[in-house]
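Chain and residue survey
Okay, here's what each chain looks like letter by letter:
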Amino acid sequence: MSEIEQWVKAIEPDLVRWRRHLHAHPELSFEEVQTSQFVFDALSQLPELEISRPTETSVVARLVTGRPGKVLALRADMDALPITEETGLSFASQNPGVMHACGHDGHTAMLLGAAKVLHDRRDLLSGEIRFIFQHAEELNPGGAQELVDKGVLDGVDAVVGQHLWQELASCRIGVREGALMASPDTFYITIVGRGGHAAQPHLNVDPIAIAAQVVVNLQHIASRMIDPLEPFVLSVTKFIGGTADNVIPNSVELAGTVRTFREERRDLAARWMEDIIRGITSAHGASYTFHYDKGYRPVNNDPELTRFVRDVLQAELGNLVTEAVPTMGGEDFSAYQTAAPGTFFFTGIRPVAKDAFPHHHPRFDIDEDALAVGCRAFVAIALQFLKNETV
């Protein structure tokens, strides 16, 4: 058992207790009032930390050693989702319609644990560690960009985050250089025709038939306009129109998402989409409106920092470390990567002995053994980064 493992094992009951308290009291994005107060109160028990509230529902703690060295930021997100919990856990959500269904309760607990372990061993450190407890990861424009704009990363040499991950076996760590998570963009389309009686379609301009063609032809972007070796997703997820079986409506509303790892692909996708929509609607005498809203940037891990993190984690965790598989899901950790070299990794939570439900599912849960592993990862990275002069 390594020293770090011993340190974390001593606070493992706290990790579980913190996570369960947070799980029972989830709050939505930009509404994390009690959550941020809980974090503030827990950090206030560590007297050497300099604690601030850059926004109403976020918390940043600085461990300034007073010795010259680098500055490392560690980040956790704290918000929950608008989901009614169905886990049946004894510590299930007490806030109706709100649930920690993505693991942010665990992220917060792991970073609180890392703050305690590193605070208590601050004599081993030089430089500074910033513990960022971020609000509003789940809701665009996200809390990360707001904190960057507030200067939370000013002077930071590197930023590291992690996500508890159901697609990875419990306690495994997935690390990857380069593209890890996609940009989650959203689009909205309205097709405007001319409604009337369904028995007289020749007197109308049917927006449902036109919208169906739009949906089919938008798929040609992925299948015929993008290199088949390049990850790209375009999904139409809403198709709303009509009120009765004998009425052709005036308009139809569509919405969906575009996912890509390439920043420049986002503008091209929007342009190609509008070309298709314009062509189809004009051919059938309809009109349209089209809005393309950019979500978070892709998460693109700094290669040098990621190699350093992989080496540190392999030394601490051995064969628990593996290569992460990229996902088309999005994460606003990418905002920090515009301000400092950053890397983001996955910590597995999928248990072997029972069914595992995916992120954002009403029965989502984590294997709590992973909390100690994730906390060890944060601690090991911080200790080695502040010792290392080359990263």
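Here's a quick rundown of the structure. (Residues numbered from 1 in each chain as written. Predicted model: local features only at pLDDT ≥ 70, side-chain atom pairs only at ≥ 80, totals over all residues. Heavy atoms only, no water.)

Next up on the list: the pattern of salt bridges. Within the structure shown, the criterion is met by 25 salt bridges. Across the pair Arg176 and Glu323 runs a salt bridge, and its minimum N-O distance is 3.6 Å. Placement of the pair is Arg176 in the loop between β6 (173-175) and β7 (178-181) and Glu323 in strand β15 (residues 321-323), with a sequence separation of 147 residues. The partner of Arg310 in a salt bridge is Glu177, with the nearest N and O atoms 3.5 Å apart. (Salt bridge = Lys/Arg side-chain N within 4 Å of Asp/Glu carboxyl O. Helix = DSSP H or I, 4+ residues; strand = E, 2+ residues; numbered from the N terminus.)

Here we come to the sheet that holds strand β10 (residues 232-240). Here 4 strands make up an open sheet; going across it, the order is β10-β12-β8-β13 and the pairing antiparallel. Of all strands in the sheet, those with a lone pairing partner are β10 and β13 (287-293), marking the two edges. The mean angle between the axes of side-by-side strands here comes to 20°, regardless of whether they run parallel or antiparallel. Note that β10 and strand β12 (residues 251-260) share 8 bridges and pair antiparallel. Opposite Ser235, over in β12, you have Thr257 as the bridge partner. Where helix α6 (residues 207-225) meets the sheet, it contacts β8 (183-192), β10 and β12, and its direction lies at approximately 170° from that of β10. Lying over the sheet, helix α7 (residues 263-283) contacts β8, β10, β12 and β13, oriented at roughly 170° with respect to β13. (Pairing = 2+ DSSP bridges. Axes fitted to C-alpha atoms, helices over the stretch in contact; angles between N-to-C directions. Contact = heavy atoms within 4.5 Å.)

Judged by pairing direction, the sheet is mixed, and its 8 strands sit side by side in the order β1-β2-β4-β3-β5-β16-β6-β15 without closing on themselves. Two strands close off the open sheet at either side, each with one partner strand: β1 (50-52) and β15. The sheet shows a mean angle of 25° between the axes of neighbouring strands, taken without regard to direction. With 7 bridges joining them, strand β3 (residues 71-77) and strand β4 (residues 128-134) adopt parallel strand pairing. Counted as the bridge partner of Ala73 is Arg130 from β4. Sitting on the sheet, helix α9 (residues 369-385) is in contact with β3, β4, β5 (158-169), β6 and β16 (342-350), with an inclination near 155° to β5.

Glancing now at helix α8 (residues 303-317). Over its 15 residues, α8 runs 20 Å from end to end, which matches the ideal 21 Å to within 8%, given 1.5 Å per residue. Two or three places before Glu304, at the opening of α8, Asp302 has a side-chain oxygen 3.4 Å from that residue's backbone nitrogen. (Expected span 1.5 Å × (residues − 1). Polar contact = N/O pair within 3.5 Å; in protein donor to acceptor, adjacent residues only side chain to side chain.)

This part covers the packing of helix α4 (residues 104-120) against α9. Running from amino to carboxyl end, α4 crosses α9 at an angle of 45°, the nearest separation of the two axes being 9 Å. Here α9 runs oblique to α4, going by the angle between their axes. In this structure, α4 meets α9 at a crossing whose hand is right-handed. Side by side, α4 and α9 meet where Gly106, Met110, Leu111, Gly113, Ala114, Val117 and Leu118 of the first sit next to Ala370, Leu371, Gly374, Cys375, Phe378, Val379, Ala382 and Leu383 of the second. By residue class, the composition of the contact of α4 with α9 is 12 nonpolar, 3 polar and no charged. (Parallel < 35°, antiparallel > 145°, perpendicular 65-115°, else oblique. Left-handed = near helix turned anticlockwise from the far one by under 90°. Nonpolar A, V, L, I, M, F, W, Y, C, P; charged D, E, K, R; others polar.)

A separate point is the side chain of Asn301. Mapped onto the elements of the fold, Asn301 is located in strand β14 (residues 299-301). Owing to a relative accessible area of 1%, Asn301 belongs among the buried residues under this scheme. A distance of 2.9 Å separates a polar atom in the side chain of Asn301 from the backbone nitrogen of Phe344. Once you skip the residues sitting within four places of it in the chain, Asn301 turns out to touch Arg176, Glu177, Gly178, Leu180, Thr306, Gln337, Gly342, Thr343 and Phe344. (Buried < 20%, exposed > 50% of the residue type's maximum accessible area, 1.4 Å probe, protein only.)

Taken together, the 10 bridges between β8 and β12 define a ladder with antiparallel strand orientation. Counted as the bridge partner of Tyr188 is Ala255 from β12. Where β8 meets β13, 7 bridges bridge the pair, whose relative direction is antiparallel. The partner of Thr186 across the bridge, within β13, is Asp293.

Along the chain, Ala115 falls in helix α4. For Ala115, a relative accessible area of 0% gives the class buried. The spatial distance from the C-alpha of Ala115 to the C-alpha of Ala61 is 8.5 Å, given a sequence separation of 54 residues. Contacts of Ala115, omitting those with residues within four sequence positions, involve Leu43, Leu46 and Phe131.

Before going further, it helps to spend a moment on the side chain of Arg75. You can see Arg75 is positioned in strand β3. Engagement of the side chain of Arg75 in a polar contact is seen with the side chain of Glu331, the distance being 3.1 Å. One polar contact links Arg75 to Asp332, side chain to side chain, over a distance of 2.9 Å.

Quick look at the environment of Asp275 now. On the secondary structure map, Asp275 appears in helix α7. In sequence terms Asp275 and Leu218 are 57 residues apart; their C-alpha atoms lie 9.9 Å from each other.

With that out of the way, let us pick up the packing of helix α1 (residues 3-10) against helix α2 (residues 12-24). In helix packing, the relevant descriptors are the interaxial angle and the interaxial distance, both defined with respect to the helix axes. Running from amino to carboxyl end, α1 crosses α2 at an angle of 50°, the nearest separation of the two axes being 4 Å. Here α2 runs oblique to α1, going by the angle between their axes. Taking contact as the criterion, the partners of Val8, Lys9 and Ala10 in α1 are, on α2, Glu12, Pro13 and Leu15. Its residues placed into classes, the contact of α1 with α2 shows 4 nonpolar, no polar and 2 charged.

This paragraph deals with the pairing of β3. In terms of burial, β3 is a largely internal element, 7 of the 7 residues being buried. A two-sided burial pattern is seen for β3, the buried positions comprising Val71, Ala73, Arg75 and Asp77 on one face and Leu72, Leu74 and Ala76 on the other. For the segment spanning β3, α4 and β4, crossover handedness is right-handed. Sheet analysis places β3 next to β5, joined by 4 bridges and oriented parallel. Counted as the bridge partner of Ala73 is Val159 from β5. (Right-handed = clockwise from strand over helix to strand, strands pointing away.)

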